[in-house]
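Spelled out, the chains give:
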Amino acid sequence: MYDTDRRKLLSALSHGAIFFSTTLVSVGIPIAILFVSDDPVVKENAKEAINFHFNVWFYGIIVGVLVILSFGLLGFILPPIFFLIHWGLSIWAIAQVLSNPDQSFRYPFIFRLL
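What you see is a predicted model; the values in this text were computed from it and never measured.

A. The arrangement of helix 1 (residues 4-16) in detail. End to end, helix 1 covers 18 Å across 13 residues, agreeing with the expected 18 Å (1.5 Å per residue, within 8%). Restricting attention to buried positions, one finds in helix 1 the residues R7, L10, S11, A12, S14, H15 and G16. Residue D3 occupies the N-cap position of helix 1, its side-chain oxygen lying 3.5 Å from the main-chain nitrogen of D5.

Have a look at this one:
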């Protein structure tokens with residue numbers, strides 16, 4: 001049997017790492033948790049958090065290019081919406097892993113590399 005409190009903490013830390021920064025530092029936390037933990041639910045949450053980081057970077061590049069190309073109304077609308085969506089999904093993931101620690105969270109609408 002796995003420790004529920006430890007599972008909650010490591011799963012929430014994996015999903016919450018995106019709030020530390022949008023650089024490689026924040027993806028290092030779920031990668032480290034993936035290699036250190038032996039809990040299968042924590043490993044699945046860490047993989048999902050890593051996939052979410054890759055998606056945030058990919059969609060961030062797309063939004064950045066659109067902002068650079070448009071310089072118009074799109075430049076004021078897309079970045080705030082993008083941040084609200086990825087922060088909202090991260091908060092939703094943290095709430096889900098804390099309320100149901102025996103099930104890993106799956107982000108909707110992302111590409112899964114791992």
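B. Geometry of the pattern of salt bridges. Applying the stated rule across the entire model yields five salt bridges. Notably, a salt bridge pairs D39 with R7, separated by 2.7 Å at the nearest N-O pair. In this pair, D39 is assigned in the loop between helix 2 (24-36) and helix 3 (40-70) and R7 in helix 1, connecting sequence segments 32 residues apart. By relative accessible area, which is 5% here, D39 ends up buried. The exposure class assigned to R7 is buried, which follows from its relative accessible area of 9%. The shortest N-O distance in the salt bridge between R7 and D102 comes to 2.9 Å. Here R7, found in helix 1, pairs with D102, found in the segment after helix 4 (73-99); they are 95 residues apart in sequence, far enough to count as distant.

C. Structural view of a nonpolar patch on the surface. Among the surface-exposed residues, F19, F83, W87 and I91 lie close enough to one another that they form a single nonpolar patch of about 380 Å² accessible area. Looking at the secondary structure, you find F83 in helix 4.

D. Structural view of helix 2. Across its 13 residues, helix 2 extends 18 Å between first and last C-alpha, which sits within 8% of the 18 Å expected from 1.5 Å per residue. Every buried residue of helix 2 is listed here: S26, V27, P30, I33 and L34. Considered in projection along helix 2, the buried side chains sweep an arc of 115 degrees and stay on one side of the axis. Residues L24, V25, F35 and V36 are exposed on helix 2 and point more than 90 degrees away from its buried face. In this structure, the buried residues of helix 2 make contact with helix 1 and helix 3.

E. Molecular detail of the packing of aromatic side chains. Within the structure shown, the criterion is met by nine aromatic pairs. With 5.7 Å between their ring centres and 55 degrees between their planes, F54 and W57 make a pair best called tilted. Taken together, the residues span about one helical turn, with F54 and W57 both in helix 3 at a distance of three residues. Since its relative accessible area comes to 31%, F54 is described here as partly exposed. Ring geometry for F58 versus F111: centroids 6.5 Å apart, planes at 85 degrees, classification edge-to-face.

So, how was this worked out
- Residues numbered from 1 in each chain as written.
- Predicted model: local features only at pLDDT ≥ 70, side-chain atom pairs only at ≥ 80, totals over all residues.
- Heavy atoms only, no water.
- Helix = DSSP H or I, 4+ residues; strand = E, 2+ residues; numbered from the N terminus.
- Expected span 1.5 Å × (residues − 1).
- Buried < 20%, exposed > 50% of the residue type's maximum accessible area, 1.4 Å probe, protein only.
- Polar contact = N/O pair within 3.5 Å; in protein donor to acceptor, adjacent residues only side chain to side chain.
- Salt bridge = Lys/Arg side-chain N within 4 Å of Asp/Glu carboxyl O.
- Patch = residues over 30% accessible without salt bridge, like charges linked within 9 Å, V, L, I, M, F, W, Y side chains within 5 Å.
- Areas by Shrake-Rupley, 256 points an atom, 1.4 Å probe, with all protein chains shown as cover.
- Arc of directions from axis to C-beta.
- Contact = heavy atoms within 4.5 Å.
- Phe/Tyr/Trp six-rings, centres within 6.5 Å; stacked < 30°, edge-to-face > 60°.

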